[in-house]
Amino acid sequence: MTDTSAADLVEQNKRHWDERVPINAASSFYDLDGFRAGDEDFDRFQLDEVGDVDGLDLVHLQCHIGLDTLSWARRGARVSGLDFSAPAIEAAAELADEIGLADRATFVSADVFDAVDVLGAAAFDLVYTGMGALMWLSDIQRWARTVAGLLRPGGRLYLVEMHPVTDVLDDATGTTVAGDYFARDARTYELRGSYADWNAQTTHNTVTEWHHTLGDVVSAVAGAGLRIEFVHEHDVIPFRRYGTLVADGPRFRYPEPSRRLPLLYSLAATAV
């Protein structure tokens, strides 16, 4: 794939996400009223693995409308959120102002690969990225180099992401292989509505994803000069990814403990 064609696909994705900002912001999935009242959506393992962020400079890449970004600000971090969708960044900045965090939260609309130029080299103690982000990146190695460029010596990357094996399992049960785990070509498809409201009327429905295996991600991070601290796999996910998953509080997991596969993974790495 040429750089030009990848850029065109990313622009198409941006139109998709721009259109879904007001849909997602109005949805019960994001529950902005609950967030304004103090709710947050971190798993306990995320808080334990990240640790104390009080006083840290934290950047959240691909932050969408900024809920996780602002949750870290509530915990004492000075935060910057970056996303390629200008409407998403506008919504995040408005929310920061509403809840009184505008003095410690900055939001910038830019391509993730331009983050060092936009936010500054070696400007952060922690780079955070959350679920559903890496699949939108055409070049995982370039992303890892960008992360490394943002971190100060001793700074950390922390990511939590849907496990790439979930991309190739059947939608009904999540137990049968239905695709090629090692296929890395761009996958373009039609996606109407939004994961926050499947009944929403939408126009920009063509999207493209890129599949990155767990090995691809770990190798890219290590190849960018970061020291891997851990890779943890988790058996919960925040939505019913497969029809047979069962609710466990606000999360979902496999119904049979003896027949589980990883649904999420988390990774931490340190700049040396």
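Below, the structure is looked at part by part. (Residues numbered from 1 in each chain as written. Predicted model: local features only at pLDDT ≥ 70, side-chain atom pairs only at ≥ 80, totals over all residues. Heavy atoms only, no water.)

1. Side note on the packing of aromatic side chains
Turning to step 1, where the next piece is worked out: A complete count under the given rule lists eleven aromatic pairs for this structure.
Turning to step 2, where the next piece is worked out: Measuring from centroid to centroid gives 5.5 Å for Trp17 and Trp136, while their planes differ by 85°, and the two rings are edge-to-face. Taken together, the residues Trp17 in helix α1 (residues 3-25) and Trp136 in the loop between β4 (124-129) and α7 (140-150) connect sequence positions 119 residues apart. Grouping residues by exposure puts Trp17 and Trp136 together as buried.
Turning to step 3, where the next piece is worked out: An aromatic cluster of at least three residues, connected via ring pairs, comprises Trp17, Phe29, Tyr30, Trp136 and Tyr195.
Turning to step 4, where the next piece is worked out: Over the aromatic face of Phe35 sits the side chain of Arg74, whose NZ or CZ is 4.2 Å from the ring centroid. (Phe/Tyr/Trp six-rings, centres within 6.5 Å; stacked < 30°, edge-to-face > 60°. Helix = DSSP H or I, 4+ residues; strand = E, 2+ residues; numbered from the N terminus. Buried < 20%, exposed > 50% of the residue type's maximum accessible area, 1.4 Å probe, protein only. Lys NZ or Arg CZ within 6 Å of the ring centre and 35° of its normal.)

2. Regarding helix α8 (residues 214-223)
Turning to step 1, where the next piece is worked out: Of the positions making up α8, those classed as buried are Leu214, Asp216, Val217, Ala220 and Val221. Along the long axis of α8, the arc covered by the buried residues comes to 165°, so they all point the same way. Opposite the packed face of α8, turned more than 90 degrees from it, sit the exposed residues Ser219 and Gly223.
Turning to step 2, where the next piece is worked out: Summarising the contacts, the buried residues of α8 are in contact with α7, β5 (151-162), β8 (226-234) and β11 (264-271).
Turning to step 3, where the next piece is worked out: At the C-terminal side of α8, Gly225 shows a positive phi close to 95°. (Arc of directions from axis to C-beta. Contact = heavy atoms within 4.5 Å.)

3. Focus: the environment of Glu233
Turning to step 1, where the next piece is worked out: The residue Glu233 is located in strand β8 in this model.
Turning to step 2, where the next piece is worked out: Its relative accessible area of 49% is what places Glu233 among the partly exposed residues.
Turning to step 3, where the next piece is worked out: Each C-alpha atom of the pair Glu233 and Phe35 lies 27 Å from the other, and the pair is 198 residues apart in sequence.
Turning to step 4, where the next piece is worked out: Beyond its immediate sequence surroundings of up to four residues, Glu233 is in contact with His163, Leu214, Pro262, Leu264 and Tyr265.
Turning to step 5, where the next piece is worked out: At a separation of 2.8 Å, a polar atom in the side chain of Glu233 contacts the side chain of His163. (Polar contact = N/O pair within 3.5 Å; in protein donor to acceptor, adjacent residues only side chain to side chain.)

4. What to know about the packing of α7 against α8
Turning to step 1, where the next piece is worked out: In the contact formed by α7 and α8, the axes pass within 8 Å of each other and the chain directions differ by 40°. Here α8 runs oblique to α7, going by the angle between their axes. As α7 packs across α8, the resulting crossing turns out to be right-handed. Contact with α7, carried on its side by Ile140, Gln141, Trp143 and Ala144, involves Asp216, Val217, Ala220 and Val221 of α8 and no other residues of that element.
Turning to step 2, where the next piece is worked out: Its residues placed into classes, the contact of α7 with α8 shows six nonpolar, one polar and one charged. (Axes fitted to C-alpha atoms, helices over the stretch in contact; angles between N-to-C directions. Parallel < 35°, antiparallel > 145°, perpendicular 65-115°, else oblique. Left-handed = near helix turned anticlockwise from the far one by under 90°. Nonpolar A, V, L, I, M, F, W, Y, C, P; charged D, E, K, R; others polar.)

5. Let's talk about the sheet that holds β8
Turning to step 1, where the next piece is worked out: Strand order in the open sheet formed by seven strands is β3-β2-β1-β4-β5-β11-β8, and the pairing between neighbours is mixed. The sheet is open, and its two edges are formed by β3 (105-109) and β8, each paired on a single side. Across the sheet, the mean angle from the axis of one strand to that of its neighbour is 15°, orientation sign disregarded.
Turning to step 2, where the next piece is worked out: For β8 and β11, the ladder comprises eight bridges, and the chain directions are antiparallel. Each bridged residue has a counterpart across the sheet, and for His234 the counterpart in β11 is Leu264. (Pairing = 2+ DSSP bridges.)

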